[in-house]
Protein chains: 2
Amino acid sequence: MLNPVKVGILGLGTVGGGTVHVLQKNAEEIARRAGRAIIVTHACAKELNKTHPYSTENMVLTDQLNEVVSNPEIDIVIELLGGTTIAREMTLQAIKNGKHIVTANKALIANHGNEIFAAAQEKGVMVAFEAAVGGGIPIIKAVREGLAANKIQWIAGIINGTSNFILTEMRDKGSKFADVLAEAQRLGYAEKDPTFDIEGVDAAHKLTILASLAFGIPLQFDKVYMEGITKITPEDVQYSEELGYKIKHLGITRRTDKGIELRVHPTFIPNKRLLANVEGVMNAVLVQADALGPSLYYGAGAGALPTGSAIIADLVDVTRTLTTDPGNRVPHLAFQSNALADLPILPIDEIETSYYLRMSALDKLGVMAQVTNILMENAISIEAIIQKEPNSDTNQVQVVMLTHKVVEKQVNKAIQAIEQLDSITGQVTRIRVEMLKG
Amino acid sequence: MLNPVKVGILGLGTVGGGTVHVLQKNAEEIARRAGRAIIVTHACAKELNKTHPYSTENMVLTDQLNEVVSNPEIDIVIELLGGTTIAREMTLQAIKNGKHIVTANKALIANHGNEIFAAAQEKGVMVAFEAAVGGGIPIIKAVREGLAANKIQWIAGIINGTSNFILTEMRDKGSKFADVLAEAQRLGYAEKDPTFDIEGVDAAHKLTILASLAFGIPLQFDKVYMEGITKITPEDVQYSEELGYKIKHLGITRRTDKGIELRVHPTFIPNKRLLANVEGVMNAVLVQADALGPSLYYGAGAGALPTGSAIIADLVDVTRTLTTDPGNRVPHLAFQSNALADLPILPIDEIETSYYLRMSALDKLGVMAQVTNILMENAISIEAIIQKEPNSDTNQVQVVMLTHKVVEKQVNKAIQAIEQLDSITGQVTRIRVEMLKG
């Protein structure tokens, strides 16, 4: 395998730490995909979180930004400084020094992206910013590459997790904005100074970026209309429910005959929409495009590991572009063809899940005992049972059960035994149950 | 701008026609993104649909596959033949001739992908197949590139629109499988021979591909456990509702300590999950990954234009890789930097949407007439009104209204006038309403 790609990181806080953590934890998987190892060789941080879950053993730690930005060994600089002043300077300096840039800084891109991209293009380096919108959701890749065939008509997104968390709690508990904000601050979902989140500034940064990707217009943060969630009252929440709507804080950009709409504000949306059911700190972006129609992208919009996921996707993208011949930039099956794994495929008998079982039984004493005994003998425990009134013509009852998790061959054995019972007529219907929990 | 990229297309049926249609309709937008025009110069088709909405003026039409596959002018071949015999031969032949391949053929990739990818890699050409899974949803790009940081734990997807349509109708109407199938055939959502859809074969093709992308394993279609929806009864649907679940036909692949699960079958899933609310012919894929957590991708899984959208995304990908210097493979803002548009951004006053208005009024005769008069004067029509019992302490009533669509400055003018009324106390709350319909 080729030499590792060397990465310098500016800022080792929550997101920087998460990035290093995932890079180390999934090093093998990532190298199998990228065709090269990706390692953080230098990190600039004021102070380290003492309990960090990653190793700094082979990493040069410094408090001098310049030691990273001007280091000739480094291929890619991850900018996680926040803010727009030093971040802008350091990004431009790193570009000047021929470094590729990966950043999660939406304020930087929304305010100075036009300047930064021009500098990068002149220098022939890449600037990647997947983590700037929707946290770990690959929404920038989806809009910029996946929807390249389409004339995009509009985008509506829940792109600020703090606001969505507060609105979700206000609805679930009937609480007031101020009380939920205090709770969100206690839980770490809102910052001590929550202005950027609750006044819509953060969402406006992200919307600025989405609108440019969708419509091919320069970044124009200063033209976004911004309205936060601070004035939403429990009464409004209650009326929205009565009317069949949910209140969500959305970023909306739309192409109209007169121009582009760019607006961030609380919005009533019909209950039935998937977006209306995006709860808590989760993010989701709905894109309406002329060929594809509606498509939606949902996932964690913030947090150390999800944001790390997007940053590393960018690192892999840059690495793939730097490394491989163009014809094989992305391996067909995601992993390099010489790095495919020979994992066994499990026969269906060996899978483990829960089951829905439905059977027709003669309505006589002891049937239920017989059935539950068979289940017990096969170590199958029952989560729920429905037994309806017997059908008066046939004297049969439908018995329905949900089981706890069990290996499939046990269930099949039990079903065979149940079907042998005199009191059971016909076959047992068996449908698998999946909770699909994260 | 550079010379156009020349594309030959094998098959001009629904999907082929949709692809050509979108390529022509959005030609300017696509060229601004790709940096080059992409044109179909040759098409092989048995016969053309007479009412096709695209032009064949500058296109060589032939019924000889070889005229496309062996044509030295052509850069990229789109394979839309269906089946796996001729499709495999023609794909391998085109690769041998140095053509890049774009295909929507899941059966081909699931059954012969290993062979095709090896041939392509040897020849240094690209094989792209975004349209093979989830129709227009960029799910292959998401898994293969967007989630490259992650150890993927499992994927569960609604990846056959026909099955999802049938299950949705069975639930909504309490109908039997056979009746809904007949209806789906009438509507064109199910084929005359629906076996591949209703027995899970199509979903198994797609799951095979997703599992390889997720876990880096060779394509192993023969090891997928397949179960269709033909045995689901209205009783099962009804019991699922009573238990708080929906029945969905899922493709599931999971990494376990013992091996990889690969299975396609009807599944009970809890009502609350977003996947449970994916209705009709729509597709959605839920991916659980260690860094990002759960993420979901939703959109049209079939159809001429959505599938065309995915095929063209692949064409743009190939074009970008063929054309640009690696450092600028994908333009920062999706469109080439010299092709950004100077569209005006609309002031918020000029946007048009619906509004929720809430006000406190003194409970006296004529208030409602005054308010509705003001609305009428400003050409605002009302969709719904809620007026509650007056508060006995304050003698005030809350009045809530939903308006139809109107330009925002009209609403603001009306609100100003309403706030001047003696019978209205305090300010009018105004929240925008969006239906978010496709």
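Worth saying up front: this structure is predicted, and the values here are computed from it rather than measured.

Please set out the overall build of chain A residue by residue, giving values where relevant.
Broken down by element type, chain A carries 14 helices and 17 strands. Residue pairs in contact within chain A that sit at least 24 positions apart in sequence constitute 72% of those at least 6 positions apart.

Tell me what's going on with helix H1 (residues 14-25) of chain B, and back it up with residues and numbers.
Residue and element names in this part refer to chain B. Relative to the 16 Å expected for 12 residues at 1.5 Å per residue, H1 spans 16 Å between its end C-alpha atoms, a close match to the ideal helical length. What H1 keeps buried is the set Val15, Gly16, Gly17, Gly18, Thr19, Val20, Val22 and Leu23. Buried residues in H1 make contact with strand S1 (5-10), helix H2 (27-34), strand S2 (38-44), strand S4 (76-79) and helix H12 (304-323).

Which residues make up the relation of the copies chain A and chain B, and what are the values?
Structural alignment of chain A on chain B gives an RMSD of 0.0 Å, achieved by rotating through 180° and translating 0.0 Å along the axis. Given the turn and translation reported, the copies of this chain are related as if by a two-fold rotation axis. In terms of proximity to the rotation axis, the leading residue of chain A is A:Tyr297, whose C-alpha is 2.5 Å off the axis. Looking at the interface residues of chain A, 99% of them are also at the interface in chain B, so both copies use one shared face.

Please set out the sheet that holds strand S6 (residues 127-128) of chain A residue by residue, giving values where relevant.
Residues and elements named next belong to chain A. The strand order across the open sheet built from 6 strands is S3-S2-S1-S4-S5-S6, with neighbouring strands paired in parallel fashion. A single partner strand is all that each edge strand has here, and the edge strands are strand S3 (60-62) and S6. Looking at chain direction, strand S2 (residues 38-44) and S3 are connected through 3 bridges and run parallel. For Cys44, the partnering residue across the bridge sits in S3 and is Thr62.

Please provide a residue-by-residue account of the interface of chain A and chain B, values included.
With 118 residues of chain A in contact, the opposing surface of chain B contributes 117 residues. Taken together, the residues of the side of chain A that touches chain B sort by class into 68 nonpolar, 28 polar and 22 charged. Relative to strand S12 (residues 293-300) of chain B, strand S12 (residues 293-300) of chain A runs antiparallel, the two being bridged by 3 bridges. Counterpart to A:Tyr298 in the pairing with S12(B) is B:Leu296.

Hey, could you go over the environment of B:Ile232 for me, with residue numbers and the actual values?
Residues and elements named next belong to chain B. By the secondary structure assignment, Ile232 is in the loop between strand S8 (225-226) and helix H11 (234-242). Take Ile232: there are 21 C-beta atoms within 10 Å of it, and that puts it in the buried class. On a C-alpha basis, the gap between Ile232 and Pro266 in space is 8.1 Å, while along the polypeptide they are 34 residues apart. Those residues in contact with Ile232 that sit more than four places away from it in its chain are Leu167, Met170, Phe177, Val237, Ile247 and Pro266.

Describe unusual backbone geometry, and please don't skip the residues or the numbers.
In this structure, A:Leu436 is a non-glycine residue whose phi angle is positive, near 55°. Relative to the assigned elements, A:Leu436 resides in the segment after strand S17 (424-433). Residue class for A:Leu436 comes out buried when judged on the 21 C-beta atoms lying within 10 Å of it. Positive phi values are uncommon outside glycine, yet B:Ala379 reaches one of about 60°. For B:Ala379, the position within the fold is in the loop between helix H13 (367-377) and strand S14 (382-387).

Describe the packing of helix H4 (residues 86-96) of chain B against helix H5 (residues 106-123) of chain B, and please don't skip the residues or the numbers.
Residue and element names in this part refer to chain B. Their axes nearest at 10 Å, the elements H4 and H5 cross at an angle of 10°. One element, H4, and the other, H5, form an angle in the roughly parallel class. Along this stretch, H4 crosses H5, giving a crossing that reads as right-handed. Judged by residue contacts, Ala87, Arg88, Thr91, Leu92, Ile95 and Lys96 of H4 engage Leu108, His112, Ile116, Ala119, Ala120 and Lys123 from H5. Partitioned by chemical class, the residues of the contact of H4 with H5 number 7 nonpolar, 2 polar and 3 charged.

So what about the domain arrangement of chain A? Which residues, and what values?
Looking at the assigned domains, one finds that chain A contains domain 1 (5-135 + 305-339), domain 2 (139-300) and domain 3 (348-433). A straight line from the C-alpha centre of domain 2 of chain A to that of domain 3 of chain A covers 46 Å.

Can you tell me about the packing of helix H1 (residues 14-25) of chain A against helix H12 (residues 304-323) of chain A, naming the residues and giving the values?
All names here are of chain A. One way to put it is that H1 packs onto H12 with a least axis distance of 7 Å and a crossing angle of 65°. Taken together, the axes of H1 and H12 are roughly perpendicular relative to one another. Seen along the crossing, H1 lies across H12 with a hand that is right-handed. Contact with H1, carried on its side by Thr14, Val15, Gly17, Gly18, Thr19, His21, Val22 and Leu23, involves Ala304, Leu305, Thr307, Gly308, Ser309, Ile311 and Ile312 of H12 and no other residues of that element.

Outline the environment of B:Lys6, supporting the account with residue identities and numerical values.
Looking at the element boundaries, B:Lys6 is found in strand S1. With residues near it in sequence (within four places) discarded, B:Lys6 still touches B:Ile39, B:Thr41, B:Glu73, B:Ile74 and B:Asp75.

Break down the pairing of strand S17 (residues 424-433) of chain B for me, citing the residues and quoting the values.
Within a regular beta strand, the side chains point alternately toward one face of the sheet and then the other, so they alternate between its two faces. Bridge analysis of strand S10 (residues 260-270) of chain A against S17(B) gives 2 bridges, and the strand direction is parallel. Paired with A:Thr267 across the strands is B:Arg432, a residue of S17(B). As judged from the 7 bridges shared by strand S13 (residues 352-362) of chain B and S17(B), these two strands associate in the antiparallel manner. Paired with B:Leu357 across the two strands is B:Arg430, which belongs to S17(B).

Rules of the game
- Residues numbered from 1 in each chain as written.
- Chains lettered and ligands numbered in written order.
- Predicted model: local features only at pLDDT ≥ 70, side-chain atom pairs only at ≥ 80, totals over all residues.
- Helix = DSSP H or I, 4+ residues; strand = E, 2+ residues; numbered from the N terminus.
- Contact = placed C-beta atoms within 7 Å.
- Expected span 1.5 Å × (residues − 1).
- Buried ≥ 20, exposed ≤ 12 C-beta atoms within 10 Å, placed from the backbone.
- Least-squares fit on C-alpha atoms with pLDDT ≥ 70 in both.
- Pairing = 2+ DSSP bridges.
- Nonpolar A, V, L, I, M, F, W, Y, C, P; charged D, E, K, R; others polar.
- Axes fitted to C-alpha atoms, helices over the stretch in contact; angles between N-to-C directions.
- Parallel < 35°, antiparallel > 145°, perpendicular 65-115°, else oblique.
- Left-handed = near helix turned anticlockwise from the far one by under 90°.
- Domains from an automatic or database assignment.

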